[in-house]
Amino acid sequence: MNKIGVGYASVTELEKKYVMDALESQRLSQGKYVALFEKKFSAMHGNKYGVMNNSGTNALHIAFEALKEVDNWDESTEVLVPAITFIATSNAVIHSGLKVVFVDVDPITYNMNPNEIEKHITRNTKCIVPVHAFGMPCDMRKITEIAKKHNLRIVEDCAESHFAKIGEKPIGSFSDISAFSTYVAHTITTGVGGISCTNDVHLAEIMRSLVAHGRACTCEVCVASDGKNVCPKRMKTDLDRRFTFERLGFSYRVGELEGALGLAQIERKDEIMNARHKNAEILTELLTPYEDKLQLPREPEGVTHTYMMYPILIKKDSCIERKDFIQFLEKANIETRPMLPLLNQPIYKKIFGEHFEDNYPVAKFINSNGFYIGCHHGMTEEDLKYIAENINAYLSN
Ligand SMILES: Cc1ncc(COP(=O)(O)O)c(C=O)c1O
């Protein structure tokens, strides 16, 4: 039996066709494919502008750096982040020179608990970062209400929830800036990569400049010179526009190969999303008999969960030892992962204190009792039945 992994990426003839076309065009730096991917992906998430870059972490980093510039944030600025997320979310805040303040999560959705937010708001709080984890949208109605009341910015971390929706509104459209990862394990992939989306032209321009060393000019020629064309503005000034830098920027660009991959992937999005959704539904049906012991992901009415993974929480008093359970599954070639443990990471214990996690009891419980398995589009119905049989075998013993 082959390993049933937690992630999967499929490359079809369409990806190959676009990548070959990009290669044959001899243009490897950013060009038409990046521009098309940015336009389409951002529009699909309710945004006018998309700035493609080389990771989900950097998509967040440039979001914080752009807001810092526009709103004059300094090192006293506090940013609220859920106590369960991939470490990149809070790292990006720290790398931007801002203060991370964690908020405990909801025990059912595992996302930032809106009822826990206000107790962490101080006069230095400037931003909330809801993370739509595992494919499940956050409660954006309550979060946007709180942000409005306290005049806070919102940066959505959508790395794990491409195309998830609340009603008909896509995640990524509830905030000032939304950040996505397109790393290989993610629903839509460009190998490595990320994209920051916004409806604010000024923020978009700053982010475009930040990914290209802080260049003054963000026209296509200046950001990704092909060595042939000249910036239209360059001749109108005695400064060399391409080599004028207005801010401390980064080198976070991607090229046409990533753009071509991304474009093909979003053209296949329905096929990928439908397969994941169907697999998750089948798994839930197969595992429902064990709900007295295991908490399964559920899709609330009116919400579209996109199941980047299939999280399972071992319930209190179930007498199941997680370590033993996941070892059993791993031995059966079913890959598992812990559910984004964050505050118990060695580096965070060092920064925030050895027992810092105790302040976040829900996250702490999930860190000790949660794990996830895959439900991706590469899995067959046989795989899903095999998982359920093994879970049954373990729980019946
Ligand atoms: C919630 C979340 N945010 C940010 C990231 C960072 O993305 P990347 O690995 O592309 O930097 C990830 C990556 O898995 C993630 O899951």
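Each value, and the rule that gives it
- Residues numbered from 1 in each chain as written.
- Predicted model: local features only at pLDDT ≥ 70, side-chain atom pairs only at ≥ 80, totals over all residues.
- Heavy atoms only, no water.
- Helix = DSSP H or I, 4+ residues; strand = E, 2+ residues; numbered from the N terminus.
- Buried < 20%, exposed > 50% of the residue type's maximum accessible area, 1.4 Å probe, protein only.
- Contact = heavy atoms within 4.5 Å.
- Pairing = 2+ DSSP bridges.
- Axes fitted to C-alpha atoms, helices over the stretch in contact; angles between N-to-C directions.
- Domains from an automatic or database assignment.
- Buried area = accessible area lost by both parts, 1.4 Å probe.
- 1 Å grid on protein atoms, 1.4 Å probe; cavity = no way out; pocket = protein on both sides within 12 Å on 5 of 7 lines; lining within 4 Å.
- Points joined across faces, edges and corners; volume = space filled by probe spheres on them.
- Nonpolar A, V, L, I, M, F, W, Y, C, P; charged D, E, K, R; others polar.
- Salt bridge = Lys/Arg side-chain N within 4 Å of Asp/Glu carboxyl O.
- Phe/Tyr/Trp six-rings, centres within 6.5 Å; stacked < 30°, edge-to-face > 60°.
- Lys NZ or Arg CZ within 6 Å of the ring centre and 35° of its normal.
- Near = heavy atom within 4 Å.
- Polar contact = N/O pair within 3.5 Å; in protein donor to acceptor, adjacent residues only side chain to side chain.
- Areas by Shrake-Rupley, 256 points an atom, 1.4 Å probe, with all protein chains shown as cover.
- Sits in = over half its atoms within 2 Å of the grid points.

**Considering the environment of Leu340**
Then, in step 1: Following the sequence through the fold, Leu340 ends up in the loop between β13 (337-338) and α11 (346-352).
Then, in step 2: In this structure Leu340 comes out as buried when scored by relative accessible area, which is 8%.
Then, in step 3: Along the primary structure Leu340 and Tyr372 are separated by 32 residues, whereas in three dimensions their C-alpha atoms are 9.3 Å apart.
Then, in step 4: Beyond its immediate stretch of four places on either side in the chain, Leu340 contacts Ile84, Thr85, Phe86, Ala133, Phe134, Glu160 and Asn367.

**Remarks on the sheet that holds strand β3 (residues 99-103)**
Then, in step 1: Pairing in this open sheet of seven strands is mixed, and the strands run β1-β9-β8-β5-β4-β2-β3 from one edge to the other. The sheet is open, and its two borders are formed by β1 (49-53) and β3, each paired with just one other strand. Neighbour to neighbour, the strand axes of the sheet diverge by 25° on average, direction disregarded.
Then, in step 2: Alignment of strand β2 (residues 78-82) against strand β4 (residues 125-128), held across three bridges, turns out to be parallel. Each residue of the ladder has a partner; that of Val79, found in β4, is Cys127.
Then, in step 3: Each of β4 and β5 (153-157) touches helix α5 (residues 140-149); the most contacted strand, β5, lies at about 150° to it.

**Quick look at the domain arrangement of the protein**
Then, in step 1: Partitioning the protein into domains gives domain 1 (13-267) and domain 2 (269-395).
Then, in step 2: The straight-line distance from the C-alpha centre of domain 1 to that of domain 2 is 27 Å.
Then, in step 3: With 41 residues of domain 1 in contact, the opposing surface of domain 2 contributes 33 residues.
Then, in step 4: Summing both sides of the interface, domain 1 and domain 2 together bury roughly 3,000 Å²; the carbon and sulfur share of this comes to 68%.
Then, in step 5: Ranking the residues of domain 1 by area buried against domain 2 places Phe102, Tyr110 and Phe134 at the top, with a combined share of 25%.

**Section: the layout of surface pockets**
Then, in step 1: Space inside the largest pocket adds up to approximately 660 Å³.
Then, in step 2: Considering the residues around the largest pocket, the lining is formed by 33 residues, among which Phe86, Glu160, Tyr183, His186 and Met308 are closest to the centre.
Then, in step 3: Counting residues per element, the ones that place at least two in the lining of the largest pocket are α3 (56-71), α4 (87-95), β8 (177-181) and β13.
Then, in step 4: Its residues placed into classes, the lining of the largest pocket shows 18 nonpolar, eleven polar and four charged.
Then, in step 5: When residues of the lining of the largest pocket are sorted by domain, at least three fall in each of domain 1 (13-267) and domain 2 (269-395).
Then, in step 6: As a volume, the second largest pocket reaches approximately 270 Å³.

**A look at α4**
Note: α-helices contain 3.6 residues per turn, so residues at a spacing of three or four share the same orientation.
Then, in step 1: Listed in full, the buried residues belonging to α4 are Ala88, Thr89, Ser90, Ala92 and Val93.
Then, in step 2: Buried residues along α4 sit against α3, β2, β3, β5 and α11.
Then, in step 3: Once α4 finishes, Gly97 follows within two positions and takes phi at roughly 80°, a positive value.

**Some thoughts on the pattern of salt bridges**
Then, in step 1: Within this structure, the stated rule accounts for 22 salt bridges.
Then, in step 2: Between Glu118 and Lys149 there is a salt bridge, and its shortest N-O distance comes to 2.8 Å. Here the residue Glu118 occupies a position in the loop between β3 and β4, and Lys149 occupies one in helix α5, the gap between them amounting to 31 residues.
Then, in step 3: The class of Glu118 is partly exposed, set by a relative accessible area of 35%.
Then, in step 4: The exposure class of Lys149 is exposed, given its relative accessible area of 60%.
Then, in step 5: The shortest N-O distance in the salt bridge between Arg141 and Glu145 comes to 3.2 Å. Separated by four residues within a single helix, Arg141 and Glu145 lie in helix α5, roughly one turn from each other.
Then, in step 6: When salt bridges that share partners are traced, they join Glu15, Arg268 and Glu271 into one network.

**Let's talk about the packing of aromatic side chains**
Then, in step 1: Tallying each qualifying case throughout the model produces 18 aromatic pairs.
Then, in step 2: Plain terms: the ring middles of Phe134 and Tyr372 are 6.2 Å apart, the flat faces sit at 65° to each other, and that makes the pair edge-to-face. Of the two residues, Phe134 sits in the loop between β4 and α5 while Tyr372 sits in strand β14 (residues 370-373), which places them 238 residues apart along the sequence. Each member of the pair, Phe134 as well as Tyr372, carries the same accessibility label: buried.
Then, in step 3: Judged by centre distance (5.0 Å) and plane angle (20°), the ring pair of Phe352 and Phe356 falls under stacked.
Then, in step 4: The exposure class assigned to Phe352 is partly exposed, which follows from its relative accessible area of 25%.
Then, in step 5: Put simply, the rings of Phe102, Tyr348, Phe352, Phe356 and Tyr360 pair up and form one aromatic cluster.
Then, in step 6: Its guanidinium or amino end placed over the ring of Phe174, Lys169 lies 4.8 Å from that ring's centre, counting from NZ or CZ.
Then, in step 7: Taking the ring centre of Phe163 as reference, the NZ or CZ of Lys269 above it sits at 5.1 Å.

**Some thoughts on the site of the ligand**
Then, in step 1: Lining the immediate environment of the ligand, one finds 15 residues, of which Gly56, Thr57, Asp157, Glu160 and Ser181 sit closest.
Then, in step 2: A distance of 2.7 Å separates an oxygen atom of the ligand from a polar atom in the side chain of Ser181.
Then, in step 3: Protein contacts shield 88% of the accessible area of the ligand, which totals 390 Å² for the unbound molecule.
Then, in step 4: Structurally, the ligand is housed in the largest pocket.

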